[in-house]
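# Structure assessment
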Amino acid sequence: MKHSFLDKYSDRDSLVHRLDPRTKLVAVFLFILAVALTSPAMWPGFAVYFVIIAALVLLSHVPVRYVLKRSLVIIPFVVLIAVFIPFFKEGEVAGSYNIWLWQVSVTHNGLQVFWNVLAKAWLSILALVTLTATTKITDLLRGLEQLRLPRVMVMILSFMYRYIFVLTDEVMRMKQARDSRNFGSGRRLWQIKTVGSMTGTLFIRSYERGERVYAAMLARGYDGQTRTPDGPGFRAADMVFGLGFGAAVVLTCIFSFLYQVI
Amino acid sequence: MMDEVIRIENLSYAYPDGQPALSGIDLAVSRGESVALIGPNGAGKSTLLLHLNGILHTDGRVRVFGQPVGEENLKEVRRRIGLVFQNPDDQLFSATVFDDVAFGPINLGYSGEDVRRAVADALEMVGMSGYGTRSSHHLSLGEKKRSAIATILSMSPEVIVLDEPTSNLDPRGKWRLIQLLKKLPATRIIATHDLELVAELCGRVIVLDEPTSNLDPRGSGG
């Protein structure tokens, strides 16, 4: 079975695509850090961040629709976590409701924090989506490794990327085999049991696959140490982009901070 | 005595649950031979292959290039005896074909330049040049099987051990693989159910039946 690539559009060519993965990784990390450190009251700061990331998306020739769609995935999670903030944050009351026995009040301060959490999460995920849409996963892994992320972590990520589709295929085949035998007509409890044992089977199969993969690694001289050959270099364009992007993001962060203090 | 690459004497093995998998295996393989290992499912073919490069412990009953396989020479044994597993999804575990083919040479401590040359040569040999940057998940089964063989060839092994190399391939893919295996300059040991492959490639056939018996007229090394 064929699946879409996780890193769709990463094989296109643009200024952003051609950057060294290390540059992009550091830039995204810096961006997220700056966004997180900016005070909730500083809306102009967030506007500048948005303009920066929007400019990058346009530069990268990745369809805007795709980036937006991908970025919305995070929203339900954030809302679920942040939805209670307006009710618990203390401050000036914006509205008060009676729900049966309870009196619930929403504060201005709380609302501000709520929107801010949403905005920060969305900006960060936009940056990450742009990163993965313009960089091949393999380059990303190599970049992480060159940035001295522990090899074990890089290997785990690489295995995940390699086997996520193999596992999806396995689940789909099991599902097809199950549905071919008229699954869904029995009692509810029986159905749940079937799904449970399928999950168990998947775990066992994955475990056994792990053993076979390990044997295949041993057969090629693996001795517990991971090694990699040296990769490509760092170019002038990376320098220019890194400095430019870094300056824009850091300055925005510092100005918002100063503005608030003064 | 001919130049002997593998000698197995009275090898037995039981699965962790106690069920016997191999019992009293005797086998000798000389350099340059092409040996087929046939037998029903569950006869222990794959288990036997796992002993050849020390993945399963052998208690000195398996001798490779005259030396018993043990902890101290595992690395050497695994370089000289390349084992290709049946399922390429187990053999190809890296994000790209290049990384997989490079895995062996890197573990052997080759330099960056040597790794690249070994990978290029191995991919060339299996007709997969230019596939280095591809992700193995998106290859066809035939391409996966050939890449899996390349991951072994990049270490320049003297013996190539294959577990059902043609299983699940369509006839064209199968014949292409057979032609490929024919060209490889190494001793071959092939576990298979494919008798066409055996007829085409192998000068000698070992039948491995239920764990109680095995049939190798030359088992005593003659």
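Definitions and limits used
Residues numbered from 1 in each chain as written. Chains lettered and ligands numbered in written order. Predicted model: local features only at pLDDT ≥ 70, side-chain atom pairs only at ≥ 80, totals over all residues. Heavy atoms only, no water. Helix = DSSP H or I, 4+ residues; strand = E, 2+ residues; numbered from the N terminus. Rg over C-alpha atoms; globule rule 2.2 N^0.38 Å. Buried < 20%, exposed > 50% of the residue type's maximum accessible area, 1.4 Å probe, protein only. Contact = heavy atoms within 4.5 Å. Areas by Shrake-Rupley, 256 points an atom, 1.4 Å probe, with all protein chains shown as cover. Lys, Arg positive; Asp, Glu negative; His and termini not counted. Charge placed at Lys NZ, Arg CZ, Asp CG, Glu CD. Pairing = 2+ DSSP bridges. Axes fitted to C-alpha atoms, helices over the stretch in contact; angles between N-to-C directions. Expected span 1.5 Å × (residues − 1). Salt bridge = Lys/Arg side-chain N within 4 Å of Asp/Glu carboxyl O. Domains from an automatic or database assignment. Buried area = accessible area lost by both parts, 1.4 Å probe. Polar contact = N/O pair within 3.5 Å; in protein donor to acceptor, adjacent residues only side chain to side chain. Nonpolar A, V, L, I, M, F, W, Y, C, P; charged D, E, K, R; others polar.

### Here we look at the overall build of chain A
Secondary structure summary: chain A contains eleven helices and two strands in total. In sequence order, the secondary structure elements of chain A are arranged as α-α-α-α-α-α-β-β-α-α-α-α-α. In summary, chain A has a C-alpha radius of gyration of 24 Å against a globular reference of 18 Å for 262 residues, an excess of more than 25%. Principal axes of the C-alpha set define a box for chain A whose edges measure 65 × 65 × 35 Å. The burial tally for chain A puts 38% of its 262 residues in the buried class. Excluding contacts between residues fewer than 6 apart, the proportion of contacts in chain A whose partners are at least 24 apart in sequence is 74%. When the accessible surface of chain A is summed, it comes to about 16200 Å², and 69% of that surface belongs to carbon and sulfur atoms. Of the charged side chains in chain A, 29 are positive and 16 negative; the average position of the first set lies 7 Å away from that of the second.

### Quick word on the sheet that holds strand β5 (residues 67-68) of chain B
All names here are of chain B. Within the open sheet, the four strands sit side by side as β2-β1-β4-β5. Their pairing is antiparallel. Here the strands that pair on one side only, and so sit at the sheet edges, are β2 (20-30) and β5. Sheet topology note: the strand β4 (residues 62-64)/β5 ladder contains two bridges and is antiparallel. Counted as the bridge partner of Val64 is Gln67 from β5. Sheet strands in contact with helix α1 (residues 45-52) are β1 (4-14), β2 and β4, and its direction is about 125° off that of β1.

### Considering the pairing of β2 of chain B
Residues and elements named next belong to chain B. In this sheet, β2 lies alongside β1 in antiparallel orientation, the contact comprising seven bridges. Within β2, the position partnered with Glu4 by the bridge is Ser30. Linking β1 to β2, which pair antiparallel, is a turn of five residues; within it Gly18 sits at a positive phi near 95°.

### Quick word on α1 of chain B
All names here are of chain B. Most of α1 sits out of view: six of its eight residues are buried. Those residues of α1 not exposed but buried are Lys45, Thr47, Leu48, Leu49, His51 and Leu52. Gly54 lies just past α1 and shows a positive phi near 75°.

### Regarding helix α11 (residues 236-261) of chain A
All names here are of chain A. Helix length check: α11, at 26 residues, gives a terminal C-alpha distance of 37 Å against a target of 38 Å (1.5 Å per residue), a fit within 8%. Three or more residues of α11 are buried, namely Asp238, Phe245, Gly246, Val249, Thr252, Cys253 and Ser256. On its buried face, α11 sits against α2 (21-37) and α3 (43-60).

### Some points on the pattern of salt bridges
Inspection of the entire model under this criterion finds 23 salt bridges over all chains. Put simply, Glu170 of chain A and Arg209 of chain A hold a salt bridge, and the shortest N to O gap is 3.5 Å. In this pair, Glu170 of chain A is assigned in helix α9 (residues 151-179) and Arg209 of chain A in helix α10 (residues 188-218), connecting sequence segments 39 residues apart. The burial state of Glu170 of chain A is the same as that of Arg209 of chain A; both residues are buried. Among the salt bridges present, the one from Glu158 of chain B reaches Arg80 of chain B, with a minimum N-O distance of 2.8 Å. With a gap of 78 residues between them, Glu158 of chain B in the loop between α6 (141-153) and β7 (159-163) and Arg80 of chain B in helix α2 (residues 74-80) connect regions that are remote in the sequence. One salt-bridge network, in which partners are shared between bridges, spans Asp3, Arg31, Glu76, Arg79, Arg80 and Glu158 of chain B.

### Observations regarding the domain arrangement of chain A
All names here are of chain A. Domain boundaries assigned for chain A yield domain 1 (10-149 + 232-262) and domain 2 (150-228). Taking only C-alpha atoms, the centre of domain 1 and the centre of domain 2 are 33 Å apart. In this assembly, six residues from domain 1 lie in contact with eight residues from domain 2. The junction of domain 1 with domain 2 conceals about 720 Å² of combined surface from both sides, 74% of it contributed by carbon and sulfur atoms. When the buried surface of domain 1 facing domain 2 is broken down by residue, Leu141, Glu145 and Leu149 rank first, second and third, together holding 75% of it. Glu145 serves as the salt-bridge partner of Arg151, at 3.3 Å between the closest nitrogen and oxygen. Here domain 1 and domain 2 share two residue pairs in polar contact (both at pLDDT 80 or more) between them. When its residues are assigned to classes, the side of domain 1 that touches domain 2 shows four nonpolar, no polar and two charged.

### Overview of the interface of chain A and chain B
In this assembly, 32 residues from chain A lie in contact with 32 residues from chain B. Summed over both partners, the interface of chain A with chain B buries about 2800 Å², with 55% contributed by carbon and sulfur atoms. A salt bridge links Asp90 of chain B to Arg209 of chain A; the nearest nitrogen and oxygen atoms lie 3.0 Å apart. Of all the secondary structure elements, the ones that give two or more residues to the side of chain A that touches chain B are α8 (137-146), α9 and α10 of chain A.

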